[in-house]
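Commentary on secondary and tertiary structure
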Amino acid sequence: MAEPGVETRTRSSVITARAAASFDPLGRSVAAARAFVRDTLQGWGYTDVVDDAVVLTSELVTNAVIHAGTAADVLCLRMDDGVRVEVADRYPEREIPVQGTGRSPGSPDRENGRGLLLCAALATRWGVEYSSTQKQVWFRLDLPERPVGTRSAGPVLPPGLLPVTDERVRVAVAQIDRGGAITAWNEDAEHLFGYPAEQVLGKPLGDLAAWPHTPGIGTGFAEALQLSRWEGSYGIRGTDGRVIPVYASHLRIRDTQGEPSTVCLLVRDYERAVLQTPLRAPAPEAGIESRTTDPFEVFIGSPAPDDLDGLLQRTVERARDMLDGDSAFLLLATDDETELEVRATTGLPSARQRFARVPVEAGTGRYGSARMPAVHEDLAAVPGAVPLLNGTGMRSVVTVPLKVEGRLTGSLGVAAEAAGRYSNEEALRLQFAADRIALAVESARLGELERLRRGSLSFLVEASDLLAGTLDRDQTLALMAQMTVPTLATWCAVYTIADQASEPYLSYVLHEDEERIDGLKALLSKIDPPDPVPTPGARVWTAPGDAAHHAALRTSMRELGLGSTPLSSGIGSTLATAAAVGGETVVLPLVARNRVIGMLTLGKPSDDHFRQEILELAEDLSRRAALALDNARLYSERMAISQSLQRSLLPPGLPQVPNVEVEVIYRAAGEGNEVGGDFYDLFPIRDGAYGFAIGDVCGTGPEAAAVTGLARHALRLLAREGFGGPAVLERLNAAILDEGARSRFLTLLYGELWPQEDGSAVLKVVCAGHPLPLRLRQDGTVEPAAEPQPLLGVMDDLELYEQSITLDPGDVLLCVTDGVTERREGTRMLGDDGLTEVLSTCTGLTAGAVAARVLRAVERFAAEPASDDMAILAMRVPQLPKS
């Protein structure tokens, strides 16, 4: 490798094309730089060196925009035998390791400093150059030498110059139908790629292709198959997973029935001479213009960029060069032709002006005559005549309109730092060029708008699905912000309004750089929120930018010792926040059910602007988000009311029963339900006596819960009036039947408990159609503790009786609802026997441990969640301490 900074040219280095772009010091600029270099080199046909160039550019731009924190300027130079890429930052003070000093340019394991290591490893030559304002790292990649084959009629070549191939040249032939699926696959294709025909027929060829393409930019593989003719290089993945470089020739044909298909001929890439089209004839001599020359290609160059931004950037660069200007700019008209939007500049701070909008007819200067060519010999004499050039040092400017079928579609201008540079002659030359490109620009613009509209529809559909998928207010706020950042804006803030008497409240803040969120939130908290105006559409809000500017100014003055108070800390954070909100900020109302419920605020960084299409998309999103946010509010209010009413049906708390452990586990079926058809209760009746109950109302949900409330309150009232167990249940049965059509039958286990001085407990129970209570003795035996009797809510006349039980120290009484015993998985059911088996393993456990073990057994019995309400009541008489 040559010494850095010293380029030794051993091959021809005549520059045949150049492309340049600048990237802001933002994280996303690295991806944009990669796409720029990839598209440029692919457009030049230099696919052999694309991957290495993209890797090196990515590292060098990362060093500039991430580690150095400055903008990066990328310049690509095409030569006959290779390409040179230059990456310049604006931080020349940083030291760069130089060979021969004994210092390593970096370690592959370090987070930074790897760019020069990669240059040394991948580039043919590389170097570093300094100037007073910037540091530039460049690298050169030479094209690989290829065998020279005969591509047209000519003299016989010596055998040594013929292209190298295998003993037998294999040409794979694949036929593709209109849907991209393979319909034919010859033996050479099987040999080259390893797939037998029966394995690939009917499958898309795109599944096998390794297409050198940046998504969203340039021609994709599917598009290439739709072209009438195409040839070039890409890869095919073989059966072993490796990519086989191939050279392909595609031809679009149709059969006798008119059905289109594509025939693909593929050879190994080093055998491309077999298929490659002969080179074009030499260009006509200078001064002799061919009759078939396209005026558009003459101005814009060939090949023309296939995307709007690339076309506009190429246009301003060619216009500047044509008139020997210092800068150039191109503005496109909005759909209603009332405003012009800055879309491309060169020689100007493009990031500061991109998507800025100015009225066409307002003012007395240049934009007042946008529909006609205009020449300003000295802008100093007419301040503000061209607002785009304010503060740029440009003195003279010529502008011409872009028109299609008489409609104003844009404006093209070239400016110079010297006064008096341009006259009507330059205006005519620029107008001639503008007329050549106007139709192509308008066609590309309409294509971009169509893609934006399709993307907008997809975005709104996805946003609607996401917003409809939640009724949680906080999650809805988070989704609103995350869908806008960074897709629509750099930062977002959501204000909410609780009711018409409340002030807007800052509810959520998001920035694409997480480190900026706290500073942005602090700034917005200190300023008054925007007015809740219900007028639809986006309106500009200048308060955040003004507040950030003043805060940065005060901080800088304190840093310089000019302020009244000493600088505390955080000048870096203050300046970063000012830069983050220094661009355009817009507010969109969140209107739902004819009421403003909040505001969606979107912002851009310093001096950046929103595109009109983005604002329209944001307005559509705000309408959907407002309805989703209001639905979440209504759902939250109703859930709060429902939960409050449901909680009122549950016992307020369990009393402490002397010498008896009591544990209750309750689970209501259904999302959002706290109470269902199952219920329980434990309450004091009189001194030394306690009532307990566990029951199950037929069904689940609110209707069953209503009967639950009736039963629980009636039991307490009747028991405290002195009625015994049978009398209590008979009167409850009558109350249920009095409900008429709303009545539901009820299974109920009711009992009264008396703790005894000897450590035991006496119980009297009535089991009305309910699963029988189970008694666990100390020796591990389990037996039913009651007999079954008729359930409630079916017959008028019931004759019930109570049974007495004595629980000795260490005994456990387990009461459950049928949600436990009827737990199912397929045809299996836990049942009474399964519950008995679980309880038999609980000897010596506390009441809480017994209830928890039963619940765990129920949950593990089946994989699906329980579909029925469930209640578990466990009572245990503790063992007496040993004397």
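One can find the structure itself at the top, above this paragraph.
Computed from a prediction, not measured in an experiment: that's the story for all the values here.

When helices and strands are counted, the protein chain shows 20 helices and 34 strands. Per-residue burial for the protein chain yields a buried fraction of 46% across its 883 residues. With the model as given, the accessible surface of the protein chain reaches about 43,700 Å², and the carbon-plus-sulfur share is 51%.

Turning to the sheet that holds strand β30 (residues 803-807), a few remarks are in order. Sheet strands line up and pair through hydrogen bonds in the backbone, either parallel or antiparallel. Taken in spatial order, the five strands line up as β24-β25-β26-β27-β30 in an open sheet, and their pairing is antiparallel. Looking at strand neighbours, the two that pair on one side only are β24 (678-686) and β30, the edges of this open sheet. Adjacent strand axes in the sheet meet at a mean angle of 20 degrees, parallel and antiparallel pairs treated alike. Two strands pair when backbone bridges link them, and β24 and strand β25 (residues 689-697) are joined in this way by eight bridges, in the antiparallel orientation. Across the sheet, residue Asp678 finds its bridge partner in β25, namely Asp696.

Moving on: the pattern of salt bridges. All chains considered together, the criterion is met by 27 salt bridges. Its salt-bridge partner being Glu619, residue Arg623 comes within 3.6 Å of it at the nearest N-O pair. Taken as a pair, Arg623 and Glu619 lie in helix α15 (residues 612-649) at a separation of four residues, close to a single helical turn. One salt-bridge network, held together by shared partners, links Asp81, Arg125, Arg140 and Asp142.

Okay, the packing of aromatic side chains next. Under the defined criterion, the tally for this structure stands at five aromatic pairs. The ring of Phe432 carries Arg436 above its face, with NZ or CZ at 4.3 Å from the centroid.

Let's shift gears to the side chain of Thr346. Mapped onto the fold, Thr346 is located in strand β13 (residues 339-346). By relative accessible area, which is 10% here, Thr346 ends up buried. Within the structure, the side chain of Thr346 is placed 2.8 Å from the side chain of Arg320, a separation counted as a polar contact.

Right, let's get into the environment of Leu452. Along the chain, Leu452 falls in helix α10 (residues 424-468). When the C-alpha positions of Leu452 and Ile614 are compared, they lie 9.1 Å apart, and in sequence the two are 162 residues distant. When near neighbours in sequence (up to four residues on either side) are disregarded, Leu452 contacts Arg611 and Glu613.

With that out of the way, let us pick up the nonpolar core. Counting 50 residues, the largest nonpolar core has Met480, Leu524, Leu590 and Leu602 as the members making the most contacts within it. If one sorts the elements of this core by residue count, α15 sits on top with nine residues. Phe23, Leu41, Ala72 and Val128 belong to the second-largest nonpolar core, a separate cluster that totals 35 residues.

Pairing within the open sheet is antiparallel, and its six strands lie in the order β7-β6-β11-β10-β9-β8. Edge positions in the open sheet fall to β7 (182-185) and β8 (209-210), since each of these has one partner strand only. Looking at chain direction, β8 and strand β9 (residues 229-237) are connected through two bridges and run antiparallel. Among the inter-strand pairings, Ala209 is bridged to a residue of β9, identified as Ile236.

As a further point, take helix α17 (residues 725-737). For α17, built from 13 residues, the straight-helix expectation of 18 Å at 1.5 Å per residue is met to within 8% by its first-to-last C-alpha distance of 19 Å. For α17, every residue scored as buried is listed here: Gly725, Pro726, Ala727, Val728, Leu729, Leu732, Asn733 and Ile736.

Take a nonpolar patch on the surface next. Residues Phe745, Val794 and Met795 make up a contiguous nonpolar surface patch of about 270 Å² in total accessible area. Structurally, the position occupied by Val794 is in the loop between β29 (782-784) and β30.

Quick look at the pairing of strand β31 (residues 812-816) now. Among the five residues in β31, five count as buried, and that is most of the element. The alternating pattern of β31 places Val812, Leu814 and Val816 on one face and Leu813 and Cys815 on the opposite face, and all of these are buried. With three bridges joining them, strand β28 (residues 774-776) and β31 adopt antiparallel strand pairing. What sits directly across from Arg775, in β31, is Leu813. The pairing of β31 with strand β34 (residues 870-876) spans five bridges and is antiparallel. Note that in β34 the partner of Cys815 across the bridge is Leu873.

For helix α12 (residues 517-526), the complete set of buried residues consists of Ile517, Leu520, Leu523 and Leu524. With its buried residues spanning 130 degrees around the axis, α12 presents them on a single face. Among the exposed residues of α12, those pointing more than 90 degrees away from its buried face are Asp518, Ser525 and Lys526.

Next up on the list: unusual backbone geometry. In the segment running from Val485 into Pro486, the intervening peptide bond is cis, with an omega of 0 degrees. With phi around 55 degrees, Asp324 is a residue other than glycine that occupies positive phi space. Structurally, Asp324 is set in the loop between α8 (308-322) and β12 (327-333).

The description of two packed helices rests on the angle between their axes and on the distance between the axes. Close contact between helix α19 (residues 831-840) and helix α20 (residues 847-861) brings their axes to 10 Å; oriented N to C, the two are set at 135 degrees. When the interaxial angle is binned, α19 and α20 end up oblique. Between α19 and α20 the crossing geometry is right-handed. When α19 is examined against α20, the residues Leu835, Val838 and Leu839 are found in contact with a partner set consisting of Val850, Arg853, Val854 and Ala857. Taken together, the residues of the contact of α19 with α20 break down into six nonpolar, no polar and one charged.

On to the pairing of β7, then. Relative to β7, strand β6 (residues 172-177) runs antiparallel, the two sharing three bridges. Paired with Ala174 across the strands is Trp185, a residue of β7. The antiparallel hairpin formed by β6 and β7 contains four residues in its connecting segment, where Gly180 sits at a positive phi of about 90 degrees.

Parameters at a glance
- Residues numbered from 1 in each chain as written.
- Predicted model: local features only at pLDDT ≥ 70, side-chain atom pairs only at ≥ 80, totals over all residues.
- Heavy atoms only, no water.
- Helix = DSSP H or I, 4+ residues; strand = E, 2+ residues; numbered from the N terminus.
- Buried < 20%, exposed > 50% of the residue type's maximum accessible area, 1.4 Å probe, protein only.
- Areas by Shrake-Rupley, 256 points an atom, 1.4 Å probe, with all protein chains shown as cover.
- Pairing = 2+ DSSP bridges.
- Axes fitted to C-alpha atoms, helices over the stretch in contact; angles between N-to-C directions.
- Salt bridge = Lys/Arg side-chain N within 4 Å of Asp/Glu carboxyl O.
- Phe/Tyr/Trp six-rings, centres within 6.5 Å; stacked < 30°, edge-to-face > 60°.
- Lys NZ or Arg CZ within 6 Å of the ring centre and 35° of its normal.
- Polar contact = N/O pair within 3.5 Å; in protein donor to acceptor, adjacent residues only side chain to side chain.
- Contact = heavy atoms within 4.5 Å.
- Core = buried A, V, L, I, M, F, W, Y, C linked by side-chain atoms within 4.5 Å.
- Expected span 1.5 Å × (residues − 1).
- Patch = residues over 30% accessible without salt bridge, like charges linked within 9 Å, V, L, I, M, F, W, Y side chains within 5 Å.
- Arc of directions from axis to C-beta.
- Parallel < 35°, antiparallel > 145°, perpendicular 65-115°, else oblique.
- Left-handed = near helix turned anticlockwise from the far one by under 90°.
- Nonpolar A, V, L, I, M, F, W, Y, C, P; charged D, E, K, R; others polar.

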